Amino acid sequence: MFEFAAFTYGVLASFVLASISNNTRAERANPRILTMFGWCLMAFSLTLSLLLTGFVAYRTIGGETFL
């Protein structure tokens, strides 16, 4: 399941970055949906990194996990 999620995220992120790069080279404005999707991917990445960092810090100070 993790492999599928990582692959999907990678494909979406590469699509957004390639589209933005292509639009920049062609000197066109990015569509609003592409910009918003890029912001959503960035927010997801930031949120996930903060959650994982907090989890690691919690486990480092001796917290118990009930998973």
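See above for the structure.
Please read these numbers as outputs of a predicted model, since none were measured by experiment.

Caption draft 1: Seen up close, helix α1 (residues 2-25). The terminal C-alpha atoms of α1 lie 34 Å apart, and with 24 residues this matches the ideal 34 Å at 1.5 Å per residue to within 8%. Considering only its buried residues, α1 is in contact with α2 (32-60). Remark: Glu-27 follows α1 within two positions and exhibits a positive phi of approximately 55 degrees.

Caption draft 2: Highlighting the environment of Phe-2. Within the secondary structure, Phe-2 sits in helix α1. Phe-2 sits in the exposed class, given a relative accessible area of 65%. Between the C-alpha atom of Phe-2 and that of Arg-28, which follows or precedes it by 26 residues, the distance is 36 Å.

Caption draft 3: Geometry of α2. The terminal C-alpha atoms of α2 lie 42 Å apart, and with 29 residues this matches the ideal 42 Å at 1.5 Å per residue to within 8%. Just downstream of α2, Gly-62 is the residue with a positive phi angle, here 105 degrees.

Caption draft 4: Local environment of unusual backbone geometry. Unlike most non-glycine residues, Glu-27 shows phi in positive territory, near 55 degrees. Structurally, the position occupied by Glu-27 is in the loop between α1 and α2.

Caption draft 5: Geometry of the packing of α1 against α2. Remark: α1 packs on α2, axes separated minimally by 10 Å, with the N-to-C direction vectors making an angle of 135 degrees. One element, α1, and the other, α2, form an angle in the oblique class. By crossing handedness, the relation of α1 to α2 is classed as left-handed. For the pair α1 and α2, contact is made by Tyr-9, Leu-12, Ala-13, Val-16, Ser-19, Ile-20 and Asn-23 and by Leu-34, Phe-37, Gly-38, Leu-41, Phe-44 and Ser-45, respectively. Considered class by class, the residues forming the contact of α1 with α2 number nine nonpolar, four polar and no charged.

The rules behind each value
Residues numbered from 1 in each chain as written. Predicted model: local features only at pLDDT ≥ 70, side-chain atom pairs only at ≥ 80, totals over all residues. Heavy atoms only, no water. Helix = DSSP H or I, 4+ residues; strand = E, 2+ residues; numbered from the N terminus. Expected span 1.5 Å × (residues − 1). Contact = heavy atoms within 4.5 Å. Buried < 20%, exposed > 50% of the residue type's maximum accessible area, 1.4 Å probe, protein only. Axes fitted to C-alpha atoms, helices over the stretch in contact; angles between N-to-C directions. Parallel < 35°, antiparallel > 145°, perpendicular 65-115°, else oblique. Left-handed = near helix turned anticlockwise from the far one by under 90°. Nonpolar A, V, L, I, M, F, W, Y, C, P; charged D, E, K, R; others polar.

As far as function goes, none of this settles anything; it's purely spatial.
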